[in-house]
Amino acid sequence: MTESEIVETPAGDARITWHPATGRARLVLAVSHGAGGGIHARDLQALAAELPSAGVTVALVEQPWRVAGKQVAPAPKALDTGWRGLWPALEKKGLPVVAGGRSAGARVACRTARELGARAVLALSFPLHPPGRPEKSRADELLGAGVPVLVVQGGNDPFGKPEEFPEGAYELIEVDAADHGLSVPKRAALTQEEALAAVVGGVRKWITSLC
């Protein structure tokens, strides 16, 4: 049974939609959206549907700008402020919290993980660089997380293909032929359903190993 709550932050009101673990909860996975979408992204919804059966309470987080109905995300500093402000609400269940997000949300999770005491980071479609501008690398954010990190990256992501990622202390799951939204073309070897199943299966195996 899902439930939503509004959380006041210095950046405005955020919203958390809780998907409680079935049975004994072992940890919380808090996942936020990217700069161009919301919590209805197919990968976020798939994780929220499947991980509770593994003892993981999933918290889908909407940043204040989305709750306010704005169409354009603010600067990274404001995103970090909102995330920091809602963190106590994520910890109130007394469980370890894995910080996560897709795209811009993944960057926020990486930048703040160490200071907030996150157990680990789940980075969905980490935007390693702007499309066509590999010289504008954000690898320092990923490599500086300071906690275990799992990256889930599409094989054809214009924001950074898996082979572009630097060596480092993180794990990476490649979703063959997928784009930044982890969508796969009809000609791909995997169907969209199989691609999502691979994402959920890989995340489930990784996150349960943290407990």
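Refer to the structure printed above.
Calculation rules
Residues numbered from 1 in each chain as written. Predicted model: local features only at pLDDT ≥ 70, side-chain atom pairs only at ≥ 80, totals over all residues. Heavy atoms only, no water. Helix = DSSP H or I, 4+ residues; strand = E, 2+ residues; numbered from the N terminus. Rg over C-alpha atoms; globule rule 2.2 N^0.38 Å. Pairing = 2+ DSSP bridges. Axes fitted to C-alpha atoms, helices over the stretch in contact; angles between N-to-C directions. Contact = heavy atoms within 4.5 Å.

## Side note on the overall build of the chain
Tallying secondary structure elements over the chain gives 6 helices and 8 strands in all. Starting at the N terminus and walking to the C terminus, you meet the elements of the chain as β-β-β-α-β-α-α-β-α-β-α-β-β-α. Relative to the globule expectation of 17 Å for 211 residues, the C-alpha radius of gyration of the chain, 16 Å, shows essentially globular dimensions. Principal axes of the C-alpha set define a box for the chain whose edges measure 40 × 35 × 30 Å.

## Re the sheet that holds strand 7 (residues 149-154)
The pairing of strands in a sheet comes from backbone hydrogen bonds and takes either a parallel or an antiparallel form. One open sheet accounts for 8 strands, arranged 1-2-4-3-5-6-7-8; its pairing is mixed. Taken across any chain shown, the strands that pair with only one partner, and hence form the sheet edges, are strand 1 (3-9) and strand 8 (171-175). Each adjacent strand pair in this sheet contributes to an overall mean axis angle of 20°, direction not counted. As judged from the 5 bridges shared by strand 5 (residues 97-102) and strand 6 (residues 120-124), these two strands associate in the parallel manner. In the strand pairing of strand 6, Arg102 is matched with Leu124. Running over the sheet, helix 3 (residues 76-91) touches strand 1, strand 2 (12-19), strand 3 (27-32), strand 4 (56-62) and strand 5 and is turned about 130° from strand 1.

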